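Observations on the model geometry
What follows is the residue order along each chain.
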Amino acid sequence: MNLFDVYPIINIEPVKGEGCFVFDAEGTKYLDLYGGHAVISIGHSHPYYVKKISDQLSKLGFYSNSVIISLQNELAEKLGRISGYPDYSLFLSNSGAEANENAIKLASFHNGKSRIISFKGAFHGRTAGAVAVTDNPNICAPINPRDHVTFLPLNDLEAVETELKKKDACAVIIEGIQGVAGIVSPSDEFLKGLSELCAKYDTVLILDEVQSGYGRTGKFFAHQYAGIKPDIITTAKGMGNGFPIAGTLISPKFTAKHGMLGTTFGGNHLACAAAIAVLDIIDKDHLVQNAEEVGNYLIERLSKVAGIGQIKGRGLMIGIEFPFPVGELRSMLIKEEKVFTGAASAKNVLRLLPPLSLSKSEVDMFVGKLQTCLSKLQVNSL
Ligand SMILES: *Cc1c(COP(=O)(O)O)cnc(C)c1O
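Residues numbered from 1 in each chain as written. Predicted model: local features only at pLDDT ≥ 70, side-chain atom pairs only at ≥ 80, totals over all residues. Heavy atoms only, no water.

1. Digging into the side chain of aspartate 24
- Relative to the elements of secondary structure, aspartate 24 occurs in strand β2 (residues 21-24).
- This buried residue, aspartate 24, is left without a salt bridge; lysine 338 holds the nearest opposite charge, at 6.6 Å.
- Those residues within four positions of aspartate 24 in sequence are excluded, and the remaining contacts are Glu13, Pro14, Val15 and Tyr30. (Helix = DSSP H or I, 4+ residues; strand = E, 2+ residues; numbered from the N terminus. Buried < 20%, exposed > 50% of the residue type's maximum accessible area, 1.4 Å probe, protein only. Lys, Arg positive; Asp, Glu negative; His and termini not counted. Salt bridge = Lys/Arg side-chain N within 4 Å of Asp/Glu carboxyl O. Contact = heavy atoms within 4.5 Å.)

2. Topic: helix α2 (residues 47-59)
- Here α2 is 13 residues long and its end C-alpha atoms lie 18 Å apart, about the 18 Å a rise of 1.5 Å per residue gives.
- Within α2, the full set of buried residues consists of Tyr49, Ile53 and Gln56. Summarising the axial view, the buried residues of α2 lie within an arc of 65°, below the 170-degree limit, and thus occupy one face. Those residues of α2 that are exposed and angled more than 90 degrees off the buried face are Pro47, Lys51, Ser58 and Lys59. (Expected span 1.5 Å × (residues − 1). Arc of directions from axis to C-beta.)

3. Description of the sheet that holds strand β12 (residues 317-321)
- With antiparallel pairing, three strands are arranged side by side in an open sheet as β11-β12-β14. Of all the strands in the sheet, the pair left with one neighbour each is β11 (311-314) and β14 (349-352). Sheet twist, expressed as the average angle between the axes of neighbouring strands with direction ignored, equals 15°.
- Relative to β12, β11 runs antiparallel, the two sharing four bridges. In the sheet register, isoleucine 311 faces β12, and the bridge partner there is isoleucine 320. (Pairing = 2+ DSSP bridges. Axes fitted to C-alpha atoms, helices over the stretch in contact; angles between N-to-C directions.)

4. Some points on the domain arrangement of the protein
- The domain architecture assigned to the protein consists of domain 1 (36-43 + 287-381) and domain 2 (47-284).
- For domain 1 versus domain 2, the separation of C-alpha centres amounts to 27 Å.
- On the side of domain 2, 27 residues touch domain 1, which itself brings 27 residues to the contact.
- Note on domain 1 versus domain 2: buried area summed over both sides is about 2,300 Å², and carbon and sulfur give 60% of it.
- Looking at the side of domain 1 facing domain 2, the largest losses of area belong to Ile42, Arg314 and Met317, adding up to 32% of the total buried there.
- The interface formed by domain 1 and domain 2 holds one salt bridge in total.
- Close ionic contact of aspartate 188 with arginine 314 constitutes a salt bridge, the shortest N to O distance being 3.2 Å.
- If you look at where domain 1 meets domain 2, you find 12 residue pairs in polar contact (both at pLDDT 80 or more). (Domains from an automatic or database assignment. Buried area = accessible area lost by both parts, 1.4 Å probe. Polar contact = N/O pair within 3.5 Å; in protein donor to acceptor, adjacent residues only side chain to side chain.)

Here it is in structure tokens:
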């Protein structure tokens, strides 16, 4: 059987990981500033994480949500405390798209409405409901109708109010920082205004923190810079450090009814053990503060590199904008300098989403390698 060929892949196979590095079978070492797609939060193959998952697997790997799973309560308690949302409830699933599907369903159950407001450049996942609120018609199939979705420009409160005044909006869904679009941030003022407008017009505010959450921006959730409390928050990528798990965090104003949401695999023993280990390390090693500190250092170092345009984002969710498309630079970084970075739909943006444990010396290493590539590119273009 062949693999269904949907991914344009890089011709490298990492077989081992350690901290912010991965290695191929020949032992070539790569600095991972892509974090396996913003997923690796505490670093690759962290020994404590490996032990917690292995210990759990040797006891019980899985049982269904029809019985007590105390690990879920332990995870909810820790996540509530560390994220600053102890009064919210948690629904566990397996992926970011699912977390968003559940958020959208809950919003609609809650206020009975069905129109969704999303934003230009938004990415919320690939499943039917999530892809419909994603601003990319190319990944929407004809069976994924989106006539119930309105896409508005980011940071335009007036446009939002005009829509909300129609009183039929079930929810507004917005990323803490848009990742796929190329690290595009809603302003703090916009988020504050959005939060007030949603309350005023009985519309649920859903913050998609699947990529921007879990400490990545230097706060546990990116929206916390704006000092708002959304009705629903979704999280996934960094939550399991690669083990599939996602969460929908739900404000106390929502009432749960038996059967309204459900999943077979969501919140299973192994996934919870992984997510608990991740939170333990984030907490003990102060990785949220590290993301802020090392992120600021990275921004400062990059600001002195010649040939770079704007530097966007916060903490360790950084977009470097260049005055040219980054394809060649990115493949040079991988092939010649052994550094993984991410692309974005904005072709001139290099996306950095490293493990939150990144150190300043790893930043120095990257900046040196980036400078080498930039001077080579300059020579080539002469
Ligand atoms: C990755 C991502 C998703 C989808 O998560 P999956 O786990 O791939 O389903 C949703 N929203 C944002 C902001 C993401 O970055």
